[in-house]
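Summary of structural features
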Number of protein chains: 2
Amino acid sequence: MIRVILAEDQQMLRGALTSLLSFESDIQVIAEVADGQKAWEVIQREVPDVCILDIEMPYLTGLELAEKIKVAHLPCKVMIVTTFARPGYLQKAMDCDVNGYLLKDEPIDYLIEAIRKVNNGEKVVSRDLAATLFMKELNPLNEREIAVLELVKEGLTTNEISKKLFLTKGTIRNYLSTSIQKLHVESRQQAVNTASDKGWI
Amino acid sequence: MIRVILAEDQQMLRGALTSLLSFESDIQVIAEVADGQKAWEVIQREVPDVCILDIEMPYLTGLELAEKIKVAHLPCKVMIVTTFARPGYLQKAMDCDVNGYLLKDEPIDYLIEAIRKVNNGEKVVSRDLAATLFMKELNPLNEREIAVLELVKEGLTTNEISKKLFLTKGTIRNYLSTSIQKLHVESRQQAVNTASDKGWI
DNA sequence: ATTAACATATGACACCTGTCACAAAGTACT
DNA sequence: AGTACTTTGTGACAGGTGTCATATGTTAAT
């Protein structure tokens, strides 16, 4: 019997998956949770065989959970199931040694098969993503640049950002300038779009 | 027997819902499609009792489909099922006389109940959204302002936008200026964020 | 101790943005 | 024709933005 936990914030999908997984005689959904915090509690207490984690959840993302599971040396397999084919996400997932990375665009049967494979020690990655792995573009932005771009994304101006980060506005402009060059774009707006797309901020 | 079509671009959710709806003895899923174009073809041909439509789909959005169904005077009930609680979306849905507007955050049972109610001529709206309807803020932006903001969202500069819309850059700046004032924000970036949030662009 | 690399800052420059007052042209209604 | 309203354009101004050359202090590597 494969004991799995399902962490997914969209109730409709979570409920549906739980119902369907329960029909499989070798799979048991021991918990279904709607946020990363609850997921972490359950995972520590129950140590499931396979953790099925969405990325974008409240409190803790699936990727942060994968990281925690890794550093705690828990013997759980981890599968990320997400809408997003962002290279940055996949990269981070690989860095956390996750055992599977599936898109929500896959059929359920593929998910079920993947659970069995992962439980057996195999690695599973959605077809479309295998290619992405080889062309892995690493995030060219450093910490400061990321912090600045994230604030630009919120709509803050150079001045507001400088106050928030305790830097002069000249420095902020320099970071933005280097970000724009690194991303080969032409404005802060485009920089934010590109970086979001790739999952870098 | 309630004949329903399911239009949802995320295969995993679509498949799961189809399976679960099929267990209901009074509901028959006559078609499941992944984009708005195919949905429209099936709806015209089959005239289902209830159309369950996601909003963000390729080719045609669920809201555009609702509009088409309305003007074609097809005797189908329409239910929008979406991730987004954006007032603008709900507003548009109401303008198209849809019979239901559910969030994907609801449990499946609620969806099933809703299908029966809608089929009976009742209207169904997710709890959290009922309030939104009363505080309906109408989109203060005019067509031009919307067009400009959409291009800003893509990351285009004033100059690029002016070329695309065959207007001078002065005019673009004026539109942006009025948009910024109407949205009570302080930069194009914030204007884009606010307008996206409300579902106005 | 020297070199290199990094984070932060500065000032100058050309250009872009947001605002405003105003104007020309078109449409619609009276 | 007269009035009001809408769409688009202009020019000017203050301030913001992106780039660059350059400087200073810090840390890490040789």
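Residues numbered from 1 in each chain as written. Chains lettered and ligands numbered in written order. Predicted model: local features only at pLDDT ≥ 70, side-chain atom pairs only at ≥ 80, totals over all residues. Heavy atoms only, no water.

As a further point, take the overall build of chain A. Scanning chain A for helices and strands turns up 10 helices and 6 strands. Viewed in the frame of its principal axes, chain A has a C-alpha envelope of about 60 × 35 × 30 Å. In chain A, which comprises 201 residues, the share counted as buried stands at 49%. For chain A, long-range pairs separated by at least 24 residues make up 62% of all intrachain contacts whose partners lie at least 6 apart in sequence. In chain A, 24 positive and 29 negative side-chain charges are present, and the distance between their average locations comes to 7 Å. (Helix = DSSP H or I, 4+ residues; strand = E, 2+ residues; numbered from the N terminus. Buried < 20%, exposed > 50% of the residue type's maximum accessible area, 1.4 Å probe, protein only. Contact = heavy atoms within 4.5 Å. Lys, Arg positive; Asp, Glu negative; His and termini not counted. Charge placed at Lys NZ, Arg CZ, Asp CG, Glu CD.)

In this section: the pattern of salt bridges. Any two side chains of opposite charge can pair, on the condition that their charged atoms come close. Evaluation of the coordinates by the stated rule reveals 24 salt bridges over all chains. With a shortest N-O distance of 3.5 Å, K104 of chain B and D54 of chain B are connected by a salt bridge. Here K104 of chain B is found in the loop between β5 (100-103) and α5 (108-119), whereas its partner D54 of chain B is found in the loop between β3 (50-53) and α3 (62-71), with 50 residues between them in sequence. There is no split in this pair, since K104 of chain B and D54 of chain B are both buried. Measuring nitrogen to oxygen at the nearest pair gives 3.5 Å for the salt bridge that ties E106 of chain B to R127 of chain B. With E106 of chain B in the loop between β5 and α5 and R127 of chain B in helix α6 (residues 127-134), this pair connects stretches of sequence that are 21 residues apart. Salt bridges here are not isolated pairs; linked through shared partners, they connect E24, D26, E113 and R116 of chain A. (Salt bridge = Lys/Arg side-chain N within 4 Å of Asp/Glu carboxyl O.)

On to the protein's contact with DNA strand D, then. The local shell around DNA strand D holds 17 residues, among which T158, R173 and R188 of chain A together with T171 and Y175 of chain B are the closest. Near the protein, within 4 Å, the atoms of DNA strand D are sugar or phosphate in 62% of cases. Residue R173 of chain A places a side-chain N or O atom 2.3 Å away from a base oxygen belonging to DNA strand D. At the level of secondary structure, the elements contributing two or more residues to the surface near DNA strand D comprise α8 (158-165) and α9 (169-182) of chain A together with α9 (169-182) of chain B. The residue makeup of the surface near DNA strand D, split by class, is 3 nonpolar, 10 polar and 4 charged. (Near = heavy atom within 4 Å. Polar contact = N/O pair within 3.5 Å; in protein donor to acceptor, adjacent residues only side chain to side chain. Nonpolar A, V, L, I, M, F, W, Y, C, P; charged D, E, K, R; others polar.)

It is worth spelling out the packing of aromatic side chains at this point. In the structure shown here, the tally under the stated rule is 3 aromatic pairs over all chains. Plain terms: the ring middles of F23 of chain A and F23 of chain B are 5.4 Å apart, the flat faces sit at 35° to each other, and that makes the pair tilted. With F23 of chain A in the loop between α1 (11-22) and β2 (27-33) and F23 of chain B in the loop between α1 (11-22) and β2 (27-33), the pair connects residues from two separate chains. When sorted by exposure, F23 of chain A lands in the same class as F23 of chain B, which is exposed. When the ring of F84 of chain B is compared with that of Y89 of chain B, the centres are 6.2 Å apart and the planes differ by 80°; the resulting orientation is edge-to-face. (Phe/Tyr/Trp six-rings, centres within 6.5 Å; stacked < 30°, edge-to-face > 60°.)

Okay, the interface of chain B and chain A next. On the side of chain A, 31 residues touch chain B, which itself brings 31 residues to the contact. Interface of chain B and chain A: buried area, both sides summed, is about 2300 Å²; carbon and sulfur atoms make up 58% of it. When the buried area of chain B at its contact with chain A is split by residue, Q10, M12 and Q189 of chain B rank highest and sum to 29% of it. Viewed at the interface, chain A and chain B are joined by 0 salt bridges. Our count for the contact surface shared by chain B and chain A stands at 12 residue pairs in polar contact (both at pLDDT 80 or more). When contributions to the side of chain B that touches chain A are tallied by element, the ones reaching two or more residues are α1, α5, α7 (143-154) and α10 (188-198) of chain B. Counting residues per element, the side of chain B that touches chain A draws most heavily on α1 of chain B, at 7 residues. (Buried area = accessible area lost by both parts, 1.4 Å probe.)

Using the criterion set out here, one finds 0 disulfides over all chains in the structure. No disulfide involves C51 of chain A; its sulfur sits 4.2 Å from the nearest other cysteine sulfur, which is in C76 of chain A. Of all cysteine sulfurs in the structure, the one in C51 of chain B sits closest to C96 of chain B, which takes part in no disulfide; the separation is 13 Å. (Disulfide = S-S within 2.5 Å.)

Quoted interface sizes are often the accessible area lost when the parts come together. By domain assignment, chain A separates into domain 1 (2-134) and domain 2 (143-197). With centres defined by C-alpha atoms, the gap from domain 1 of chain A to domain 2 of chain A works out at 32 Å. (Domains from an automatic or database assignment.)

This part is about the protein's contact with DNA strand C. Not every one of the 16 residues close to DNA strand C is listed here, only the nearest: Y175 of chain A together with T158, R173, S177 and R188 of chain B. Counting only the atoms of DNA strand C within 4 Å of the protein, the fraction contributed by sugar and phosphate is 59%. N174 of chain A is positioned such that a nitrogen or oxygen atom in its side chain is 3.0 Å from a base oxygen of DNA strand C. Within the residue set of the surface near DNA strand C, elements represented by two or more residues are α9 of chain A together with α9 of chain B. With 5 residues, α9 of chain A is the largest single contributor of residues to the surface near DNA strand C. Among the residues making up the surface near DNA strand C, the classes are represented as 2 nonpolar, 10 polar and 4 charged.

Grouped together as the largest cluster of nonpolar side chains are 48 residues, with contacts concentrated most on I115 of chain A together with I115 of chain B. Not counting chain neighbours up to four residues away, the residues in contact with I115 of chain B comprise I2, V4, L21, I27, V50, I52 and M79 of chain B. (Core = buried A, V, L, I, M, F, W, Y, C linked by side-chain atoms within 4.5 Å.)

The next subject is the sheet that holds β3 of chain B. All names here are of chain B. Spatially, β2-β1-β3-β4-β5-β6 is the arrangement adopted by the 6 strands of the open sheet, whose pairing is parallel. In this open sheet, the two strands that pair with only one neighbour each are β2 and β6 (124-125). Pairing between β5 and β6: 2 bridges, direction parallel. Following the sheet pairing, G100 is matched in β6 by V124. (Pairing = 2+ DSSP bridges.)

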